[in-house]
Every structure is written in structure tokens, then in C-alpha cells.
Amino acid sequence: MFAFVIRRIIQSLFVILVIGFIGFAIKHQIGDPVRDLVGISVSKAERDALREELGLNDPFMSQYVRFMKNAVRGDLGMSFFYKKPTLKVIVKKAPATLELVFVSSLIIIFLSIPAGVYAAIRPRSWLTRFIMGASIVGVSIPVFLTAILLIYVFSVELGWLPSYGRGATVSLWGWETGLLTIDGWKHLILPSIALSSIMLPLFIRLIRSEMMEVLQSEYVKYAWAKGLAPRRVYFVHAFKNTLLPVITVGGVQLGILIAYTILTETVFQWQGMGFMFLEAVERSDTTLLVAYMMVVGVVFVAVNTMVDIIYGLVNPTVRIAGRK
Amino acid sequence: MDHLLEIQNLEVKFRLRSGEVTAINDVSFFLDQGERVGLVGESGAGKSVTGFAIIKLISKPGFISGGKVLFEGRDIAGLSIEEVRNIRGNRISMIFQDPMMTLNPVLSIGTQMTETILAHKNVSKAEAQAIALDKLKKVHIPSPEKRLDQYPHEFSGGMRQRIVIAIALLTDPAVIIADEPTTALDVTIQAEIMDLLSELCESEKMALILITHDLGVVSQVTDRIIVMYAGRIVEQGLTRDVVSNPRHPYTKGLIAALPESQQRGKALSQIPGTMPSLTDMPQGCSFHPRCELVMPICKEKVPELIELDNKNALVACHALAKGGAS
Ligand SMILES: Nc1ncnc2c1ncn2[C@@H]1O[C@H](COP(=O)(O)OP(=O)(O)O)[C@@H](O)[C@H]1O
Ligand code: SF4
Ligand SMILES: [Mg+2]
């Protein structure tokens, strides 16, 4: 197991290097650090002097190495708009996004498991038909449309829930959290439902199809032949094996949720990284865009690595192969 | 005398899109305490379905559509699922074909053993573990104490089948149904596992239903043989009688195809043709398209199972009915 973890971590470091390379290439191609520093009202000669001084005329590779060195030290450049280090800007926005993704993931996990398992065990019941029908509708509606519908129904028509912003937040060791106030939770409900609306149906369908396949297996038939109670057959013998593929696919999907936050945060004016990203696009804040890409990339890799390690813990074949 | 297990006119159907098909037709046989009976026939004959029907474990779209499975005074086919659960894995244990697939890959051997005991006996976990250890010893697993925490992939195919046999022994069942228990194993260990199983049946006084397509294996292990073809019993008798003097043309063909009956230099003797599919059953005797002795009546009327020389020898064939009992 230990060797397995080390191997995974080395792989992720490599992936991060590649992400850094892509990020740097983008910045190199379309970014203009001189403009970011001095604006456009400076003469050409002065600009050229500044270019030389900043090392922008150095070979591509040596600039890349410098970029990565700085990145490792947490320096991802200055934001043109905020006039602050990009990492500071992102870190300030991160709690909003992470809390949104966290609550959405909880919704997805706690709804998809019972729904998917039930739909697999009782494939013919009317409730299963309803779940499967609803999930088809769910995947086919785009996130922003779901978001607008939710706002229309619950904020505009019923007036039950707020339609934008994070509401009251509390600072906890510098982390602005909305999870500790009732107002914060009220503001979280609609965005997190909207964000989970794409993945939830996918997860239900994934869990159901994996579980149905496992239920056909010889070892499940054998479990029945041993005279075990249905609960044990379904939840110990079948579900544990269903979990393995679901963890792999599901982990990646939860990572992709971060990408969907851009849409959700925009509709709900949610002051997180996704909202910041779209603003940065409008302001051509290339450094901030690349920094966002790098941070999200690293988070994504970290999530996947964690998922793989959890997979290893559940699957004895991996766990024990490493033990030897 | 009452039999330990008596199957009467068993019928199993599958509900397919094209309609219902009958996989098991009018199958009747019995099993006495400690007796060993072989269920033989080519692949698709209905042996496995018969075996699973005994513990009422026919997976959808199949169902038992008729007949009785009398066991210890009760008809299993008519019991509720909770009542059947008390018999499955408890009084009647099953051994499946491929030990690579039967053990759950994510559960330890110990878990898979103790759960079976705990499902049927009112004992503590520690007691269950002690029973599991004892049975692992009986199947000659080396250093069993270390094995309980291990997972199936840490064992070879032969070792896994020993574990499956140990699981079958856990509750001291009256009957073991072994469905092709050595077919998936390496040829070099097949005999070893078969010997172990038959020794254990003897020492633990368990009755055995041995399901296999291999007449050779059955003839070494069993007391009686039941030959199945296309969902029906075509011949039944004491093993030594059937092997030395097969009566039904199908049984004759099976015996002639055994490696030990083949003559050097001669072409391999095989029954021509294949078993018909359930959706395409021939009229009358379902063996008639492959039978050398076929007569006009064979294509119209299903031959009945009749007694020949003694009440232990039954055969279903028009050609034999004429000469024998009239
Ligand atoms: N789940 C199923 N659905 C449809 N037909 C089945 C199913 N299981 C078995 N059968 C059919 O029942 C017949 C008997 O199968 P089986 O008992 O497995 O044969 P075998 O003698 O090789 O063990 C075969 O024709 C097979 O196609
Ligand atoms: S009944 Fe006819 S077809 Fe069937 S085995 Fe006997 S002789 Fe052959
Ligand atoms: Mg079979």
C-alpha cells in the first residue's frame, strides 16, 4: 500500500508539471506582463527596457523553469485587475467555491447511493421507473437553466430562498464560511442543488448499472446459496463491489464539478473562484486566469490521487499487492 | 422407506421474450442419507438448473412451474423465501464450478466463512471462527489460522476450491450439491479435489449430488447415475450397471466417447450433432435427430421412463420399451 501511495504521488507531481507547462505556454502566448505592470501609456523604448529587465526575452524553457520555481514558492504572478498576487486573490475566493462543491458532493453522494442501489434491487418498481425517468430529464437540462428555474420558483415565485450571494459568513481562522450561519445555509441551498443537478443523475445511473452487473455475478449467487439474509447480500456482498468502479469514475466526476461552478456561481452571483474566473476573462487578466487554471488543476489532481488511495483501501487486491 | 431428498415431477420454465420455454421437464429422483448420486449429461442438459431448483434458487426469468422437492418432510418448492433460507447453505450446501468467481473478491476468507455460520447458528463470533478453523483443517489448508484474514486472490484455484468445500461443511449439511466442482481447475489437481470431496462426504456422512458432464468422474465417485438430456432424465441406474451396460442410446454414446473406451488408431467416437436449444425442441423424443435407432414413433411420442430389470434401473426409450416391459 505504501509503495502504491508513493507511486501515485509521483505520478500526480508529473501531471502537475504538465499543467504548469500548459499554463505557462498560454501565458507566454497571450499574456502581456508589461501591460499588467505599467499600463498602456508608456513609450515603446521604456517597455522594451522593462521586457529585458523582466527576462521576457530569455529562451522559452528558462522562462518556464523560472515560472515553475516561482509557482512552487506560491508566486503565480500579479493580478492585473486586483493589483495583488493572484494566489492571494484566489485563496480569498476559494472558500466560497469549496463550500459549494462540498455541499453539492454531499447531496450527490447521499442521494445517489440509496437511489442507485434501490433502482438496481427493484428494477421493475414504479419508484425505480420514476427515478430513472427523472434522471434522464436531469442530465438533459443544462446547469444554468436548472439554476434559473430554481431561482424563478423558490426565490421569485415562492420567495422562500435568496437568489444570489453567499449571505452572512463567519470568519474562521481566515476562512470565510457560510456553513455556520442559518443565512449562509439558506443561500447555499439553491446553488448547491443547481450544481449537483448534472452529476446526481449520472451517479444514480452509474451506481445502478454497476450494482446490477454485480448482482448477476457468481459470488452474489453463491451468497444467496449460502442462505444469507438479503440485507447482507445486497449491502455487504454486492455493494462493496459496486463501490470500486463507482469510486474511480465518481472521483473524476466530482473533480469536474469544479468546472461547473463557473456557470453556477455566475448565475447565483456567488463570489467564488468560478465567478472570479469569468470576471478575469472579461478583464483579460491573463495572469489570474492561468493562476486559476493551475490551482484548479492541482486541486483536481489532488482529488484524483485521494480517490485512488481510497480505492486502494477498499480493494484488497491493490492493498495487499502493496503490502507484500 | 422415506428418502432424504425426493424430487417429484420437477418442472422449470424460463420466461423469454419469445414465450415460455421448459428447461426441466418431469424430473423425478431421490437421494438417500449419505448416498452419492451423479447427474450427468452434455452442457445444456439442465443439470445446473435442476441443482439450483433443489434450493429454490432459479434466477429470473426462470421459475419452478411444477413438481415437488421433498426434503426432511417438507416441500422446498412450496416454502417461503425465509424458510428456504434456513435450508440453503445450512442443511443443503452448494459448491459452484469456478472457485475464481464464487468467492467474493473484497471479503476476507474469515468473513465469508463466519457469515455463513452466523446466518444459521446461534453462536458467538469466536465460536464461529473456531468452527471455520476446524473445517479449513478438514480440507487440508496449511496453517489455517493465518488464512482467515486473507483474501481470495491470495490463493490458487485449487486452494480456493478447498475453501469453498470448507464453507460447504461449516453447518454439517445433510446434502452437498457440487456443480462441476473440478471443471474449472487445473487438470493436475482435479483428481485431488474430487478425492477430497468424496472422502469428506464419507467421513461426515453427507449425501452428494455430483453434477458433471464428465462420466469418467461420476463413475469413480458415485453410487448411482442419473443421465439427463434436454431437460429430461433419460436413464437412471446403479453406477456400475450404467457404466458397464448402458441402455439408452444417448448414454451409450456418452460412454463410447470416454477417453478410456476409445480404441487406439480409431477416430474419436462422438455423438453426432448437438443438444437442441430450448426454443427449438424436437417433437417426441428430443434425442431423435441424433439417434441411430430412431423409429417413426420417436418423432411423435415422448418416451416414458420405465423400469427395466429392477426398480433401480430406469430408461426412457421407445426402442427399449418394446422389448422390455410391454
Ligand atoms: N437464466 C436463463 N435464461 C434462459 N435460459 C436459461 C437460463 N439458465 C439456463 N438456461 C437454459 O436452461 C438449459 C439448462 O441449462 P443448465 O442447467 O445450465 O445446463 P447444464 O446441464 O449444462 O448445467 C439450457 O438450455 C440453458 O440455455
Ligand atoms: S426413443 Fe427413439 S429416438 Fe429416442 S433414444 Fe430411443 S430410439 Fe432413439
Ligand atoms: Mg451447468
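Keep in mind it's a predicted model, so treat the numbers as computed, not measured.

K.L.:
Could you give an account of the overall build of chain A, with specific residues and numbers?
P.N.:
When helices and strands are counted, chain A shows 13 helices and 2 strands. Structurally, chain A occupies a C-alpha span of about 85 × 60 × 35 Å along its principal axes. A buried classification covers 45% of the 324 residues belonging to chain A. Nonlocal contacts in chain A, meaning residues at least 24 apart in sequence, comprise 72% of its contacts between residues at least 6 apart. Treating the 31 positive side-chain charges of chain A as one cloud and the 20 negative ones as another, the clouds have centres 14 Å apart.

K.L.:
Got a sec to walk through the confidence of the model for chain B? Specific residues and values, please.
P.N.:
Low pLDDT marks stretches whose predicted atomic positions should not be read closely. In this model, chain B carries a mean pLDDT of 91, and residues with pLDDT of at least 70 account for 96%. Interface confidence for the predicted complex, given as ipTM, is 0.93, next to a pTM of 0.84.

K.L.:
Tell me about helix 11 (residues 249-256) of chain B, and please be specific about residues and values.
P.N.:
All names here are of chain B. Counted residue by residue, helix 11 has 6 buried out of 8 residues, so it is predominantly covered. What helix 11 keeps buried is the set Pro249, Tyr250, Thr251, Gly253, Leu254 and Ile255. Buried residues along helix 11 sit against helix 9 (215-221), strand 9 (224-229), strand 10 (232-238) and helix 10 (239-244).

K.L.:
Pulling in residues and values, what's your account of the nonpolar core?
P.N.:
Looking at soluble globular proteins, one finds that nonpolar side chains tend to be buried together. Ranked by internal contacts, the top residues of the largest apolar core, which has 115 residues, are Val175 and Ile209 of chain B. With 7 residues, the top contributor of residues to this core is helix 7 (residues 157-169) of chain B. Among the nonpolar cores identified, the runner-up in size contains 51 residues, and Ala115, Leu188, Leu195 and Leu200 of chain A belong to it.

K.L.:
Residue-level account of the site of ligand 2, with values.
P.N.:
Near ligand 2, the surroundings consist of His248, Pro249, Cys285, Phe287, His288, Cys291, Leu293, Cys298, Pro303, Cys317, His318 and Ala319 of chain B. Split into classes, the residues belonging to the shell around ligand 2 amount to 9 nonpolar, 3 polar and no charged.

K.L.:
Go over the sheet that holds strand 4 (residues 62-71) of chain B with me, naming the residues and quoting the values.
P.N.:
Residues and elements named next belong to chain B. Judged by pairing direction, the sheet is antiparallel, and its 4 strands sit side by side in the order 2-1-4-5 without closing on themselves. Both outer strands of the open sheet, strand 2 (19-31) and strand 5 (74-75), are each paired with one neighbouring strand and no more. One ladder, built from 8 bridges, connects strand 1 (residues 5-16) with strand 4; its direction is antiparallel. Note that in strand 4 the partner of Ile7 across the bridge is Val69.

K.L.:
Help me get a handle on the sheet that holds strand 8 (residues 207-212) of chain B, residues and values and all.
P.N.:
Residues and elements named next belong to chain B. The strand order across the open sheet built from 8 strands is 6-7-8-3-9-10-12-11, with neighbouring strands paired in mixed fashion. At either margin of the open sheet sits one strand with a lone partner, and together these are strand 6 (92-95) and strand 11 (306-307). Of the strand pairs in this sheet, strand 3 (residues 36-40) and strand 9 are connected by 4 bridges, and their pairing is parallel. If you follow Gly38 over to strand 9, its bridge partner there is Ile225. Those strands touched by helix 11 are strand 9 and strand 10, and its axis lies near 105 degrees from that of strand 9.

K.L.:
Any details on the side chain of Thr305 of chain A? Residues and values, ideally.
P.N.:
All names here are of chain A. Along the polypeptide, Thr305 turns up in helix 12 (residues 286-314). For Thr305, the side chain forms a polar contact with the main-chain oxygen of Val301, separated by 2.7 Å. Once residues within four sequence positions are removed from consideration, Thr305 is found in contact with Arg8, Ile9 and Ser12.

Cut-offs applied
- Residues numbered from 1 in each chain as written.
- Chains lettered and ligands numbered in written order.
- Predicted model: local features only at pLDDT ≥ 70, side-chain atom pairs only at ≥ 80, totals over all residues.
- Heavy atoms only, no water.
- Helix = DSSP H or I, 4+ residues; strand = E, 2+ residues; numbered from the N terminus.
- Buried < 20%, exposed > 50% of the residue type's maximum accessible area, 1.4 Å probe, protein only.
- Contact = heavy atoms within 4.5 Å.
- Lys, Arg positive; Asp, Glu negative; His and termini not counted.
- Charge placed at Lys NZ, Arg CZ, Asp CG, Glu CD.
- pLDDT = per-residue confidence, 0-100.
- Core = buried A, V, L, I, M, F, W, Y, C linked by side-chain atoms within 4.5 Å.
- Near = heavy atom within 4 Å.
- Nonpolar A, V, L, I, M, F, W, Y, C, P; charged D, E, K, R; others polar.
- Pairing = 2+ DSSP bridges.
- Axes fitted to C-alpha atoms, helices over the stretch in contact; angles between N-to-C directions.
- Polar contact = N/O pair within 3.5 Å; in protein donor to acceptor, adjacent residues only side chain to side chain.

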